[in-house]
Each structure stands twice: as structure tokens, then as C-alpha cells.
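Descriptive structure summary
Now for the letters of each chain:
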Amino acid sequence: MTKGEDLFKKITAHCKEYGFIFPSSEIYDGLSAVYDYGHNGTELKNNIKDYWWKSMVQYHENIVGLDSAIFMHPAVWKASGHVDAFNDPLIDNKDSKKRYRADVLIEDHIAKLEDKINKEVAKASKRFGDSFDEVMFRNTNPRVQANLNKIEEIKSRFVPAMEQGKLDEIKALIEELEIACPVSGSRNWTDVRQFNLMFSTKMGSSADSASEIYLRPETAQGIFVNYLNVQKTGRKKLPFGIAQIGKAFRNEIIARQFIFRMREFEQMEMQFFVRPGDEHKWYEYWKDERMRWHMAMGIPESHFRIHKHDKLAHYANAAVDIEFDFPFGFRELEGIHSRTDFDLGAHQKHSGKKLQYFDPETRESYVPYVVETSLGLDRLFLAIVSYAYTEETLEDGSERVVMKIPPALAPTKVAVLPLVKKDGLPEKGREVFDMLKYDFSCQYEEKDAIGRRYRRQDAAGTPYCITIDHETLENNTVTVRERDSMKQERVDIERIAEIVRERTVLRPAKRP
Ligand code: ATP
């Protein structure tokens, strides 16, 4: 098992043990790629949503919220292209009977070649020290060059094959690259087939096919079909945005990696409507703004990177992903896409209803262009817990697991802990708890030795523990223990709220 796999296993187990995430229907052996959030998970998830909502809606006077239904008219998904094109190419290995996404097999192969290049670079950098010129090395080293050429060659066939849905070509690539099934080790593959990712169900009692409806695979279409309602009732002028948080459903072919790829998940999306021609300016703006938002959480920048799309979706004229360094490598966390007038144009055509904007400045009517930011709530949750999970050996040789969740997002902000369960300390503790509970998510705990209670709070990511001791009864002071440094300070009870607020407040991402 690699270091990353081992860490990922520990994080998954920790999430279950401390009430962050449970497998769905676990007593029936679970349901693949579906998960439930426990008491700590729900709080963390709500705090993430709150941070996003405030940053997008409250702090931007030209962005408003929406909560559209999961079920929508089936024609929506025809117009959006999902009925015909929301497919993943799948392939089966005949020996192991395992199913894979054909594009992912090829992308993993490319990632392995990139890994080889990075290893060469790291080795050379170590050998040459300060005098190392990475650009020159990449341009001249024959092994690096050979692998770069291989990648270019693969992409020059893979990208058009994906764009044009040439399934034979994708299979030919898998065979030529000698990609083997990780389970059976064989190269005995079936043909590549398209698989639509939308879940469908029947609405009402009639069984004819006209009543077939879909569970939405993205929240964005709910925004597009409400564009005019919001623009008119909100009296919005371009540019303006509509933000929404909600469930989405995809019948993913490969469901692994815990909550990274789920069949039921939540998205936080914002569609920003702009004048045609302005889209590149706003695309750059939102790319920067979204990175700044991630940075403001307090996770170091080195955990994030921007990945420009090689292959643009049919609706986009520019797209990047913000990727996060998960225990299994850098993967997509959020997408920022310049979607042109594709969606509103398609809905205008299919519905026969005008979705135009009358621009009072230019005195023209046109279909607005859209720049969207699309973030997976569960993926951000996974990014945060992956970053936060820390194993430490303390000075006395003991070990602790601490979840270094950014304090503003922590499920519990303060735990109130009487040192012992007697001498009036529990009563005083309850008093302090009651004083704080209206302002912060708090916990009161009196069971077990204080050291064990600190460890439990560390493992749940609680940034502050307030300890009530005998001195509290004498002079109304308590100790405040900070999670990461474990430092304790003695403060007056009256000051607890002010201290906790100051150190756990949500700070917006400021523009420079
Ligand atoms: P991927 O390539 O990983 O399948 P995608 O490019 O299809 O993702 P989008 O359609 O752009 O994803 O969706 C926007 C965001 O929604 C993604 O960046 C991701 O954070 C989240 N997301 C998409 N699919 C899932 C899923 N199955 N489980 C959890 N989150 C998801």
C-alpha cells in the first residue's frame, strides 16, 4: 500500500469513528458511492455552505440566490445536451469482469508518464543543487523529452477521439498503450461503449415513456431556466449572478475514492450573466476570485493548483479546474467555465420562449453569455478533512490525532470541560455552556479524565477547550486551550466569547 493509500484509509476510518461520514445503509452492507453525514460532518458541511453562500451572495451585491427543484421538465435535459451527450465511455476487462472509464484509463496512463518526468526533474534538482535550471533540463534531457513526446502523441489522438465520440479510436489507444487491468493484469478488453450518467424515474401513475423524468445531474440548469424570472423580479442589470446549493445525481461508472466521486452529491454553483464579448474578462475575474476564496480558508497555497482544460466541453470557450492535492494526488475540486450563450440559447430554441436581455446602455437585445463557478461541496469537505488529518507524537512520547480544520469551519467551536465531576465544577461548567451556546456551536463534556477529553476534541477538530477548575470558583477565570499549539491561557469568563469570536470568525476573501 502506498503512503497516500494508507493515509486515505486512515482518514476514511477517522471520519466514521468521529461522526463525520458513515456509509449509507451500513447495516445492509452499504450502498455503493452513497454516504451519510454524521453529527460532526453535518456541522462542517453547513459551515462550508455558509462560508460559500456569504462570500457569493451576501458579499456581492449583484449575486442573488435560488433554490430550484431537483425534478425538472424532461425537455430541459434534451436542450442542455445531457440526454444525448452526458455520457462516459466505459470498457470492461473480460477476465476480472471489472468495469472502467476508458478515458480515465488513458488519463491515468498520461499521469504515470508525467510522474516519471517529475521524478527525473526531482532527481536532477537534488544532484545539481542551486545551479539547477529546470526549464533547460526539461528542454534537453533525452528521457524527459521522450516522455513529453509520448504524452503529446497520446493527447493528439485522445482529445479529438473524445470530442468526436470515436470509441474505436479510444479502444485502439488502450490496446496500443498496452494498458492492463489493475485487478487481473490482463489486456483482454471489451469494446468501448457510451453510458449515460443520468438517473431516471417515472413521474405520476402513467407508465408511458413521456412521463420519464431525470434526477438532475447538475444544479446549473435550474438556474438557466429561471434566468428571466430572477432577472425581472430581482430587477437585475448585467452583469449579475445567480447562486445555488443543491443535490445532484450521477450514475458514476467507477464509484471509488470515498466521497470524491459519489452517485448523490451536492454542488455549489454560481452562473454569472455577462454581455457577449465581456466573458473573458469575467472568466479571469472569477478564476482569481475563486482561488482567493480557497486561500482565505487558511489551507496553504501549495495544496491547490490550476489545471487548464485540453479538451473543452461543447458549450465552453474557456475552462479551468482548481485542483486539490488529495491523498491520491491532484484532482478536480472546482470548475470555472466560460459557457458562452450555449445554455440560454438552447433553452430559448427548445422552449420557444425569448431569454433575451435588453441592454439599456447599448439599446440592444441579446442572449447573455455565462461564466460559471462549479464547486463540489463533498469534494471540498474531503479536501478539508484530508488537509486537517494530522498524526502527532507529543513531547512526552504519546500520540494524538488532531483535525486541524480551519477554526471558522470547525464543527464545534468550543468545548466546556469541568476538570472533575464534583465540587460544584459541573454546575459552573453548565453555566458557561449556557452563556456561550447561543453564539457558538458548543459541547459540554464531563466524562473521563481531562486528557482524554482533550484528545477527543482534538480528533473532532474543536479549536478551543474551556476548562473549569477550582480556581474558577474563586476568581471567575478559566483556561482556554488552543487545539493546534495545545497552549493554555487563563482568562476571565467574561472574555471567553470575545476571544472565541475573534479567533473563529469567517473572514471574507479580500481583493488586493
Ligand atoms: P469529474 O471529471 O471528476 O467527473 P466533472 O468535470 O464531470 O467531474 P463538473 O460537471 O464540472 O464535474 O461538476 C462540477 C463539480 O461538481 C466538480 O468540480 C466536482 O467538485 C463536483 N462533482 C462532480 N461529480 C461529482 C461526483 N460524482 N461526486 C462528488 N462531486 C462531484
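Residues numbered from 1 in each chain as written. Predicted model: local features only at pLDDT ≥ 70, side-chain atom pairs only at ≥ 80, totals over all residues. Heavy atoms only, no water.

To continue, consider unusual backbone geometry. Backbone torsion omega between leucine 238 and proline 239 reads -5°, so that peptide bond is classified as cis. With respect to the element layout, proline 239 can be found in the loop between α10 (227–233) and β9 (240–249). Positive phi outside glycine occurs at asparagine 476, with the angle close to 60°. With respect to the element layout, asparagine 476 can be found in the loop between α16 (470–475) and β22 (477–482). Taking the relative accessible area as the measure of exposure, asparagine 476 reaches 28% and is therefore partly exposed. Located in the positive-phi region is methionine 486, a residue other than glycine, with phi close to 65°. One can find methionine 486 in the loop between β22 and β23 (488–492). A relative accessible area of 26% means that methionine 486 is categorised as partly exposed. (Helix = DSSP H or I, 4+ residues; strand = E, 2+ residues; numbered from the N terminus. Buried < 20%, exposed > 50% of the residue type's maximum accessible area, 1.4 Å probe, protein only.)

In the region of the ligand, 16 residues are neighbours, and Glu252, Arg261, Met262, Glu332 and Leu333 sit closest. With respect to the ligand, the side chain of arginine 261 contributes an N or O atom lying 2.8 Å from an oxygen atom. Between the ligand and glutamate 332 there is a distance of 2.6 Å, counted from an oxygen atom to a side-chain nitrogen or oxygen. With the chains in place, 85% of the 600 Å² that the ligand exposes on its own is no longer accessible. Listed by contribution, the elements that provide at least two residues to the shell around the ligand are β10 (264–274), β13 (329–340) and β16 (369–376). Looking at the shell around the ligand, the element that brings in the most residues is β13, giving five residues. (Near = heavy atom within 4 Å. Polar contact = N/O pair within 3.5 Å; in protein donor to acceptor, adjacent residues only side chain to side chain. Areas by Shrake-Rupley, 256 points an atom, 1.4 Å probe, with all protein chains shown as cover.)

Looking now at helix α5 (residues 102–128). For α5, spanning 27 residues, the distance from its first C-alpha to its last is 40 Å, which sits close to the expected 39 Å at 1.5 Å a residue. The complete set of buried residues in α5 reads Ala102, Asp103, Val104, Leu105, Ile106, Ile110, Leu113, Ile117, Glu120, Val121 and Ala124. Structurally, α5 contributes buried residues whose contacts are with β4 (87–92), β5 (99–101), α6 (134–140), α7 (142–163) and α8 (167–176). Glycine 129 lies just past α5 and shows a positive phi near 60°. (Expected span 1.5 Å × (residues − 1). Contact = heavy atoms within 4.5 Å.)

In space, the seven strands of this open sheet follow the order β3-β9-β10-β16-β13-β12-β11, with mixed pairing throughout. Each edge of the open sheet is held by one strand with a lone partner, namely β3 (63–65) and β11 (304–308). Pairwise comparison of adjacent strand axes, ignoring direction, gives a mean angle of 25° for this sheet. In this structure, β13 lies alongside β16, joined through six bridges in antiparallel fashion. Paired with glutamate 334 across the two strands is leucine 375, which belongs to β16. (Pairing = 2+ DSSP bridges. Axes fitted to C-alpha atoms, helices over the stretch in contact; angles between N-to-C directions.)

Moving on, we get to α8. The complete set of buried residues in α8 reads Leu167, Ile170, Lys171, Leu173 and Ile174. Down the axis of α8, the sector holding all buried residues measures 155°, keeping them to one side. Within α8, the exposed residues directed more than 90 degrees away from the buried face are Asp168 and Glu176. Where α8 terminates, the next one or two residues include glutamate 178, which has phi positive at roughly 55°. (Arc of directions from axis to C-beta.)

Turning next to the domain arrangement of the chain. For interface size, the figure often reported is the accessible area lost on association. Each assigned domain of the chain is listed with its residue range as follows: domain 1 (39–85 + 198–408), domain 2 (87–196) and domain 3 (412–503). When each unit is reduced to the centre of its C-alpha atoms, the spacing between domain 1 and domain 3 is 38 Å. Facing the 14 residues of domain 1 at the interface are 14 residues of domain 3. Here domain 1 and domain 3 share an interface that buries about 1100 Å² over both sides, 47% of which is from carbon and sulfur atoms. Between the two partners, domain 1 and domain 3, sit one salt bridge. Salt-bridge contacts for arginine 400 lead to aspartate 458; the nearest nitrogen and oxygen are separated by 2.9 Å. Applying the counting rule to domain 1 against domain 3 returns seven residue pairs in polar contact (both at pLDDT 80 or more). Listed by contribution, the elements that provide at least two residues to the side of domain 1 that touches domain 3 are α2 (39–58) and β18 (399–403). Considering every element that reaches the side of domain 1 that touches domain 3, the biggest residue donor is β18, with five residues. (Domains from an automatic or database assignment. Buried area = accessible area lost by both parts, 1.4 Å probe. Salt bridge = Lys/Arg side-chain N within 4 Å of Asp/Glu carboxyl O.)

With that settled, consider the packing of α5 against α8. Viewed as axis vectors pointing N to C, α5 and α8 meet at an angle of 40°, and their least axial separation amounts to 10 Å. Classified by the angle between their axes, α5 and α8 sit oblique to one another. The two elements α5 and α8 cross, and the hand of that crossing is left-handed. Contacts between α5 and α8 involve Ala102, Leu105 and Ile106 on the former and, on the latter, Ile170, Leu173 and Ile174. (Parallel < 35°, antiparallel > 145°, perpendicular 65-115°, else oblique. Left-handed = near helix turned anticlockwise from the far one by under 90°.)

All right, on to the sheet that holds strand β6 (residues 193–196) then. Strands belonging to one sheet form pairs held by backbone hydrogen bonds; the direction of such a pair is parallel or antiparallel. Spatially, β5-β4-β6 is the arrangement adopted by the three strands of the open sheet, whose pairing is antiparallel. Each edge of the open sheet is held by one strand with a lone partner, namely β5 and β6. For this sheet the average axis-to-axis angle between neighbouring strands, irrespective of direction, equals 45°. In the sheet, β4 pairs with β5 via three bridges, with the strands oriented antiparallel. Bridge pairing links aspartate 92 to arginine 99 in β5.

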